[in-house]
Amino acid sequence: MDRLPVVVVHGGAGNIPKERSDKSRSGVCSAARAGYVILQKGGSSMDAVVEAVTQLENNPIFNAGCGSVLTAGGEVEMDAIVMDGKTLASGAVSAVRNIANPVQLARLVMEKTSHICLTAHGANQFARVMRIPEVPQESLITEYSRMRWKKNLAPAANPVECQMGKMGTVGAVAVDIDGNVACATSTGGLLNKMEGRVGDTSCIGCGGYADNQVGAVSTTGHGEAIMTVTLARLILFHMEQGQSVEEASDLALAYMKSRVQGLGGVVTLDPQGHWAARCSSLQLAWAAVQKDTLHYGINSGEHFTQGLDEPH
Ligand code: ASP
């Protein structure tokens, strides 16, 4: 199939402050390139999405890993998920602390346990058993996230508005040369969330889903709305009914907006290599690589392309 392989990544739905848009754009572009390098060498879609999301977690501009938003109590609690479309195996962590790359821990939950999701203390205990080093919380907190935390502590702050102003959840979907699809998503969650809040990202069918028989999705946006409509699985349902990746993504996002007033963004692909990056929010930083061409955009409806070797 000449459309394969493909990787599509996102850096969160919301409103990106102007001064942060260049870094968001270059962050998603380099993560997509990193994923594509793996796919080009014949690597699996799972390896590609985990590599892309690891890069985004390590980039302080995004709300995942280093750069995560803070809970109401000023702590970092992160959620992540991976799913393998070949076997339907998945792994997730929620409310995990002091871990640089929650997406890698989620993959270990998938590979080394008989469970799908580990949370909070249990997730950290598992990380210790797996010899994943704990990092000081301070190393995950940026000046920007602390500033936003302080600014939005006011009780009158609207949680949805707070969040949509501070985008940055990250995710990726990929299909490898064998036609296997995978997804990965990682986040610090909602700004000023309650301690122990479990978001959509770690919930299968909400923050992501991958099935070789249909496709793969990674989502971002207001987590409670995403969970209410099981956004990732809803998109795949529409694809099963014959809709294209684009139509299915738009239909599900429109449903979430009309039913629960939730805004978000998604990256979606199918095993044939059709893909889409769509949002109902004003912006979604996204990038894709297919056939040595880099595609990217930030504002809703935007789509630029350039050769993979050209500097961005
Ligand atoms: N969906 C994430 C959450 O609610 C936030 C986001 O995507 O920006 O935890």
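Details of the structure are given in the entry above.
The numbers attached to residues start from 1 for each chain and follow its sequence in the written order. Only residues with pLDDT of at least 70 are given local features in this predicted model, and only at 80 or more are side-chain atom pairs given and counted; all residues enter the totals for whole chains, interfaces and linings. Derived side-chain values reflect all non-hydrogen atoms in the structure, with water molecules and hydrogen atoms excluded from consideration.

Draft legend 1. A look at the environment of Glu302. Considering the arrangement of structural elements, one finds Glu302 in the loop between strand E12 (293-299) and strand E13 (304-307). Taking C-alpha positions, Glu302 is 26 Å from Val260, a pair spaced 42 residues apart along the chain. Here, residues are in contact when the closest pair of their heavy atoms is within 4.5 Å. Those residues in contact with Glu302 that sit more than four places away from it in its chain are Trp286, Tyr296 and Gly297. For helices the rule is a DSSP run of H or I covering at least 4 residues; for strands it is a run of E covering at least 2, with both sets numbered from the N terminus onward.

Draft legend 2. Structural context of the packing of helix H2 (residues 45-58) against helix H3 (residues 102-112). Two elements in contact, H2 and H3, have axes separated by 8 Å at closest approach and are oriented at 150 degrees. Taken together, H2 and H3 sit at an angle that is classed as roughly antiparallel. Counting all contacts with H2, which are made through Met46, Asp47, Val50, Val53, Thr54 and Glu57, the residues of H3 involved are Pro102, Val103, Gln104, Arg107 and Met110. When its residues are assigned to classes, the contact of H2 with H3 shows six nonpolar, two polar and three charged. For helices, the fitted line uses only the C-alpha atoms of the stretch in contact; every axis is such a line through C-alpha atoms, and the angle between N-to-C directions lies from 0 to 180 degrees. Throughout this description, any angle smaller than 35 degrees is read as roughly parallel, any larger than 145 degrees as roughly antiparallel, any in the 65 to 115 degree range as roughly perpendicular, and the remainder as oblique. Under the scheme applied here, ten amino acids are nonpolar (Ala, Val, Leu, Ile, Met, Phe, Trp, Tyr, Cys and Pro), four are charged (Asp, Glu, Lys and Arg), and all others, including Gly, are polar.

Draft legend 3. Structural context of the pattern of salt bridges. Any Lys or Arg side-chain nitrogen located within 4 Å of an Asp or Glu carboxyl oxygen qualifies as a salt bridge. In the structure shown here, the tally under the stated rule is 11 salt bridges. As a salt-bridge pair, Glu224 and Arg197 come within 2.9 Å of each other at their nearest N and O atoms. Of the two residues, Glu224 is situated in helix H7 (residues 223-229) and Arg197 in the loop between strand E6 (181-187) and strand E7 (208-211); the sequence distance between them amounts to 27 residues. Salt bridges linked by common partners bring Glu75, Glu77, Arg97 and Glu195 together as one network.

Draft legend 4. Layout of the pairing of strand E5 (residues 170-175). Note on exposure labels: buried denotes an accessible area under 20% of the residue type's maximum, exposed denotes more than 50%, and partly exposed covers the range between, all computed with a 1.4 Å probe on protein chains only. Counting buried positions along E5 gives six out of six residues, so the element sits mostly inside the fold. Of the two faces of E5, the one carrying Val170, Ala172 and Ala174 and the one carrying Gly171, Val173 and Val175 are both buried. Two strands pair under a simple rule: DSSP has to find at least two bridges between them. As judged from the five bridges shared by strand E1 (residues 6-14) and E5, these two strands associate in the antiparallel manner. Across the sheet, residue His10 finds its bridge partner in E5, namely Gly171. As paired strands, E5 and E6 are joined by six bridges and run antiparallel to one another. From the neighbouring strand, Gly171 faces E6, where its bridge partner is Thr185. Turn length for the E5-E6 hairpin, with the two strands adjacent in sequence and antiparallel, is five residues, and the turn residue Gly179 shows positive phi of about 85 degrees.

Draft legend 5. Region of interest: the sheet that holds E13. Spatially, nine strands are ordered E4-E3-E2-E6-E5-E1-E11-E12-E13 in an open sheet, and the strand pairing comes out mixed. At either end of the open sheet lies a strand with only one pairing partner, and these are strand E4 (117-119) and E13. Each strand of the sheet is rotated relative to its neighbour by a mean of 10 degrees, with strand direction disregarded. One ladder, built from five bridges, connects strand E2 (residues 78-84) with strand E3 (residues 90-96); its direction is antiparallel. Residue pairing for E3: Val82 is matched across the bridge by Gly91. Running at roughly 160 degrees to E5, H2 makes contact with E1, E2, E5 and E6 of the sheet. The sheet strands contacting helix H4 (residues 120-129) are E3 and E4, and the helix crosses E4 at an angle near 105 degrees.

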